[in-house]
Amino acid sequence: MAKVELKHISKVYEGQVRAMDDANIVIEDKEFVVFVGPSGCGKSTTLRMIAGLEDISEGELYIDGELMNDVPPKDRNIAMVFQNYALYPHMTVYENMAFGLRIKKVPKEEIDRRVKDAARILDITKFLDRKPKALSGGQRQRVAVGRAIVRNPKVFLFDEPLSNLDAKLRVTMRAELSKLHHDLQATIIYVTHDQVEAMTMANKIVVMNVAKVQQIGAPLELYNHPNNKFVAGFIGSPPMNFLTVKVKKEGAGVVLDEGSFTFKAHPDHVEMLSKYDGKEVFFGIRPEDLIYRDNAEPNTIPVNIIVIEPLGADIHLSVETSNHQPLVIRTEPDHAFSIGQKVYFLPTLDKARYFDKETENAIVK
């Protein structure tokens, strides 16, 4: 397997449209790295530049220490799994998996061994004589993965491979791909717009938005310490809540004023927030960090319930403050909530995050 390095990589299309701008990413040997972000952020374009399917406009790409900018895709020793599987409909599963090896003139016995080994790993041995139309979506996806495995590539590239599957099967396939990574000890680069996939599968996540890398780090690092408001709002389900509040220094502390209520900042956050005295900032709090209280208490946030979503183990409440600032709260189903009800929630203030109103960069992360 191999280390992949992107040094100041950019992609510029005609008309000076930048699909990726100055990406600096290191994927270590045997890492499972996920590129995540909304549609159009540049993640698939970046993956295709690694694969050689897109030319690199600026910067350098290295695989296993070798400069790859001008190396054809077939000579990069990578394997790519696409969203639509890209299987040959007239070929059997066995023939689909063996096709690339036959093109490379691999001996027949070696092809047979590799195909059967991959089929065993993916539990598709019983489907080897079937054609793709006789398979379910999940089975076709396994065949596409198997076709990549038999090539013994240095790097596996996955481009939104689970997006065509139903919700239950996506959960199953996430676990299977994670197990596959563990078993193969492979270098995997995986593109998705689904942050749940990123959080559950990755060793390292690269968050992208508007053709820029926003932050790179381990899943919990991004979840607990986002660099900016975009990362904070993209990583986590439901996403982080944001309220506009005004910072007011009071003695040795700081009070945050939403207009319809106030609360005190956690002592660990006072020094950084003091620099914003008299200014508005974004107060970020995750849905699970708002704790229900029966009555108004110091630092509680009073809200009115707009929507109730019972999910079994917990409830999602869509609420808003008197100033019509929305929040989503995840809480236990132990309370009889009703639409229109006024309720109180206490934020876990040491877990709160604050962001500059203009730059949206983290003040406290």
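Everything discussed here concerns the structure shown above.
For clarity, every value in this text was computed on a predicted model and none was experimentally measured. (Residues numbered from 1 in each chain as written. Predicted model: local features only at pLDDT ≥ 70, side-chain atom pairs only at ≥ 80, totals over all residues. Heavy atoms only, no water.)

A.B. asks: How should I be thinking about the overall build of the protein in this particular structure?
C.D. replies: What the protein contains, in helices and strands, is 9 helices and 21 strands. With respect to the three principal axes, the spread of C-alpha positions in the protein is 80 × 45 × 35 Å. Contacts in the protein between residues at least 24 apart in sequence constitute 66% of all its contacts with a sequence separation of at least 6. Counting only carbon and sulfur atoms, one obtains 49% of the accessible surface of the protein, whose full area is about 17,300 Å². Between the averaged position of the 47 positive side-chain charges in the protein and that of its 50 negative side-chain charges there is a distance of 6 Å. (Helix = DSSP H or I, 4+ residues; strand = E, 2+ residues; numbered from the N terminus. Contact = heavy atoms within 4.5 Å. Areas by Shrake-Rupley, 256 points an atom, 1.4 Å probe, with all protein chains shown as cover. Lys, Arg positive; Asp, Glu negative; His and termini not counted. Charge placed at Lys NZ, Arg CZ, Asp CG, Glu CD.)

A.B. asks: Explain the packing of aromatic side chains to me, please; I cannot follow it from the model alone.
C.D. replies: Any pair of aromatic rings gets described here by the distance separating the centres and the angle formed by the planes. All chains considered together, the criterion is met by 11 aromatic pairs. Note on phenylalanine 156 and phenylalanine 158: the rings are 6.5 Å apart at their centroids and 25 degrees apart in plane angle, and the pair reads as stacked. The residues phenylalanine 156 and phenylalanine 158 share a single accessibility class, namely buried. Arranged with centres 4.7 Å apart and planes meeting at 50 degrees, the rings of phenylalanine 263 and phenylalanine 283 form a pair that is tilted. With phenylalanine 263 in strand β13 (residues 262-264) and phenylalanine 283 in strand β14 (residues 280-285), this residue pair connects regions lying 20 residues apart in the sequence. By relative accessible area, phenylalanine 283 is classed as buried at 0%. A connected cluster of aromatic rings, assembled from ring pairs, spans Phe32, Phe156, Phe158 and Tyr190. One Lys or Arg, lysine 229, reaches over the ring of phenylalanine 282 and ends 4.7 Å from the middle of that ring. Seen from the ring of tyrosine 223, arginine 286 lies directly overhead, with NZ or CZ sitting 3.9 Å from the centre. (Phe/Tyr/Trp six-rings, centres within 6.5 Å; stacked < 30°, edge-to-face > 60°. Buried < 20%, exposed > 50% of the residue type's maximum accessible area, 1.4 Å probe, protein only. Lys NZ or Arg CZ within 6 Å of the ring centre and 35° of its normal.)

A.B. asks: Explain the environment of leucine 47 here, please?
C.D. replies: Counting through the fold element by element, leucine 47 comes out in helix α1 (residues 43-51). A relative accessible area of 0% places leucine 47 in the buried class. When sequence neighbours within four positions are dropped, the list of residues in contact with leucine 47 reads Phe35, Met80, Leu157, Phe158, Asp159, Ile189 and Val191.

A.B. asks: Which parts of the structure should I look at to understand the environment of valine 247?
C.D. replies: Inspection of the secondary structure assignment puts valine 247 in strand β11 (residues 241-250). A relative accessible area of 0% places valine 247 in the buried class. A sequence separation of 18 residues divides valine 247 from alanine 265, and the C-alpha atoms of the two residues are 9.3 Å apart. Sequence-distant contacts of valine 247, defined by excluding residues within four places in its chain, comprise Val254, Val255, Leu256, Leu273, Tyr276, Asp277, Gly278, Lys279 and Val281.

A.B. asks: How do you make sense of the nonpolar core when you look at a structure like this?
C.D. replies: The biggest cluster of nonpolar side chains holds 48 residues, and the ones touching the most others in it are Met97 and Tyr190. Once residues lying within four places of it in the same chain are set aside, the contact partners of methionine 97 are Val115, Ala118, Ala119, Ile124, Leu128, Val143, Gly146, Arg147 and Val150. (Core = buried A, V, L, I, M, F, W, Y, C linked by side-chain atoms within 4.5 Å.)

A.B. asks: Just to check I follow, could you spell out the pairing of strand β2 (residues 17-27) for this structure?
C.D. replies: Side chains on a regular strand alternate between the two faces of the sheet. Sheet topology note: the strand β1 (residues 4-13)/β2 ladder contains 7 bridges and is antiparallel. Across the sheet, the residue bridging to valine 4 is isoleucine 27, located in β2. Where β1 folds back on β2, the antiparallel hairpin that results is connected by 3 residues, among which glycine 15 adopts a positive phi of roughly 85 degrees. (Pairing = 2+ DSSP bridges.)

A.B. asks: Quick question: what am I supposed to make of the sheet that holds β14 here?
C.D. replies: To summarise the sheet geometry, strands pair through backbone hydrogen bonds and adopt either a parallel or an antiparallel arrangement. Read from one edge of the open sheet, 6 strands run β13-β12-β11-β14-β20-β21, paired in antiparallel fashion. Since the sheet does not close on itself, it has two edges, and those belong to β13 and β21 (362-364), each with one partner. Neighbouring strand axes in the sheet, compared pairwise and without regard to direction, differ in orientation by 40 degrees on average. In this structure, strand β20 (residues 353-356) lies alongside β21, joined through 2 bridges in antiparallel fashion. Bridge assignment links phenylalanine 355 to a residue of β21, and that residue is alanine 362. (Axes fitted to C-alpha atoms, helices over the stretch in contact; angles between N-to-C directions.)

A.B. asks: Help me understand helix α4 (residues 137-149), please; the structure alone is not making it clear to me.
C.D. replies: Think of an α-helix as turning once every 3.6 residues; residues three or four places apart then point the same way. With 13 residues, α4 should reach 18 Å at 1.5 Å per residue; the first-to-last C-alpha distance of 18 Å fits that figure. Burial runs high along α4: 11 of the 13 residues are buried. Turning to α4, the residues buried within the fold contact β6 (78-81), α2 (93-103), α3 (108-122), β7 (155-159) and α5 (167-184). (Expected span 1.5 Å × (residues − 1).)

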